[in-house]
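One-letter residues, chain by chain:
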Amino acid sequence: MTQDPAPVLPPLGRSTTRSDLVAASIKSAILSGRLQPDEVLVERRLAEQLGVSKTPVREALIALTSSGLLTPTRNRGIAVRRLRAEDVQRIYEMRMLVEPWAAAQVAGGDRFDAAEARRALEDAARFLEADDHGGLSMANRRFHRCLYSTCPNELAVRTLDDLQDLTALGTVSLLWEQWPTWRDEAQEHHEILAAVEGGQADATERLVRGHIQRSITRLSRLRARAEAAS
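Residues numbered from 1 in each chain as written. Predicted model: local features only at pLDDT ≥ 70, side-chain atom pairs only at ≥ 80, totals over all residues. Heavy atoms only, no water.

> Explain the overall build of the protein residue by residue, including any values.
When helices and strands are counted, the protein shows nine helices and three strands. Counting helices and strands in the order they occur from the N terminus, the protein gives α-β-α-α-β-β-α-α-α-α-α-α. Projected onto its principal axes, the C-alpha coordinates of the protein cover approximately 60 × 50 × 30 Å. Out of the 230 residues belonging to the protein, those deemed buried represent 45%. Put simply, the protein shows about 13,200 Å² of open surface, and 50% of that area lies on carbon and sulfur atoms. Across the protein, 31 positive and 32 negative side-chain charges occur, with their mean positions spaced 5 Å apart. (Helix = DSSP H or I, 4+ residues; strand = E, 2+ residues; numbered from the N terminus. Buried < 20%, exposed > 50% of the residue type's maximum accessible area, 1.4 Å probe, protein only. Areas by Shrake-Rupley, 256 points an atom, 1.4 Å probe, with all protein chains shown as cover. Lys, Arg positive; Asp, Glu negative; His and termini not counted. Charge placed at Lys NZ, Arg CZ, Asp CG, Glu CD.)

So, in structure tokens, the structure goes:
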């Protein structure tokens with residue numbers, strides 16, 4: 001019996017590279033609203049601000065472009081992506097396909113971080129009262145990530161991470177002023193949390209699905225009003 005040959009390229013352990021750190025910093029600035037849609041990002045300027053060379057900045061910009069947060073410009077530059085209501089609706093529709101199922105898998109397991117989910121909701125409540133758009137968006141993203149991050153399907157987790165980033169971008173750049181339902185959504189978050197903590201997989205899936213569907217319905221109405229006014 002012959003042994004299998006050693007792999008040509010042995011697997012590498014996960015590590016945080018400098019470009020990962022640069023990407024995380026740029027992403028945080030985008031999702032909190034400090035970098036605005038259509039704002040052009042200049043490698044040299046970012047490298048100076050972050051105290052790194054241009055190489056990790058270039059790698060980070062490529063990665064963030066692939067994830068959809070950045071977009072190429074006509075003059076071969078890169079800018080923060082501007083989302084339309086139609087784009088955001090499609091993002092929610094994609095979330096509808098994956099997130100309710102993933103959250104149900106988490107509710108049926110024992111790895112859910114309930115304490116972190118509660119902290120995210122507490123932070124969201126503070127940001128809501130302070131009218132802090134960026135802070136609320138990031139706190140909501142943290143809560144939703146708690147719902148699916150321990151799902152055993154890693155592909156679903158990675159897909160939802162990208163979709164949640166785009167949701168946060170749409171929130172701070174497009175939806176805030178036209179979305180008067182933040183307090184209703186906060187109540188829905190507490191109901192979802194109770195179902196997950198109770199291990200109620202079916203109820204979790206139903207509540208998350210309804211939560212996302214209501215956003216899709218509001219986006220459809222928002223688009224209809226905009227089309228009627230144009």
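That covers the picture; the talk isn't over yet.
> How would you summarise the pattern of salt bridges if you had to cite specific residues and measurements?
Applying the stated rule across the entire model yields 19 salt bridges. A salt bridge links Arg82 to Asp38, with the nearest nitrogen and oxygen atoms 2.6 Å apart. Linking Arg82 in the loop between strand E3 (78-80) and helix H4 (85-107) with Asp38 in the loop between helix H1 (18-31) and strand E1 (40-41), this pair joins segments that are 44 residues apart in sequence. When its relative accessible area of 46% is taken as the criterion, Asp38 is described as partly exposed. The partner of Glu48 in a salt bridge is Arg44, and the shortest N-O contact between them spans 3.6 Å. (Salt bridge = Lys/Arg side-chain N within 4 Å of Asp/Glu carboxyl O.)

> Give a description of the side chain of Asp165 that names residues and reports values.
Secondary-structure assignment places Asp165 in helix H7 (residues 154-175). At a separation of 2.7 Å, a polar atom in the side chain of Asp165 contacts the side chain of Arg141. With near-sequence residues (within four places) excluded, Asp165 lies in contact with Lys27, Leu31, Leu69 and Arg141. (Polar contact = N/O pair within 3.5 Å; in protein donor to acceptor, adjacent residues only side chain to side chain. Contact = heavy atoms within 4.5 Å.)

> Run through the packing of helix H6 (residues 133-148) against H7, naming residues and quoting values.
In contact at an axis separation of 10 Å, H6 and H7 are set at 160 degrees when each is read in the N-to-C sense. Overall, the two elements H6 and H7 adopt an arrangement that is roughly antiparallel. Where H6 crosses over H7, the handedness of that crossing is right-handed. Facing H6, whose interface residues are His133, Gly134, Ser137, Arg141, His144, Arg145 and Tyr148, H7 presents Val157, Leu160, Asp161, Gln164, Asp165, Ala168, Thr171 and Val172. Split into classes, the residues belonging to the contact of H6 with H7 amount to five nonpolar, six polar and four charged. (Axes fitted to C-alpha atoms, helices over the stretch in contact; angles between N-to-C directions. Parallel < 35°, antiparallel > 145°, perpendicular 65-115°, else oblique. Left-handed = near helix turned anticlockwise from the far one by under 90°. Nonpolar A, V, L, I, M, F, W, Y, C, P; charged D, E, K, R; others polar.)

> Which residues make up the packing of H1 against helix H3 (residues 54-67), and what are the values?
Between two packed helices, both the angle of their axes relative to each other and the distance between the axes serve to describe the pair. Direction vectors running N to C along H1 and H3 enclose 60 degrees, while the axes themselves pass 8 Å from each other. With respect to H3, the axis of H1 lies oblique. Both H1 and H3 take part in a crossing whose hand is right-handed. Along its contact with H1, which presents Arg18, Ser19, Val22, Ala23, Ile26 and Lys27, the element H3 presents Pro56, Val57, Glu59, Ala60, Leu61 and Leu64. Each residue belonging to the contact of H1 with H3 can be placed in one class, and the counts come to eight nonpolar, one polar and three charged.

Honestly, it's all geometry; don't read function into it.
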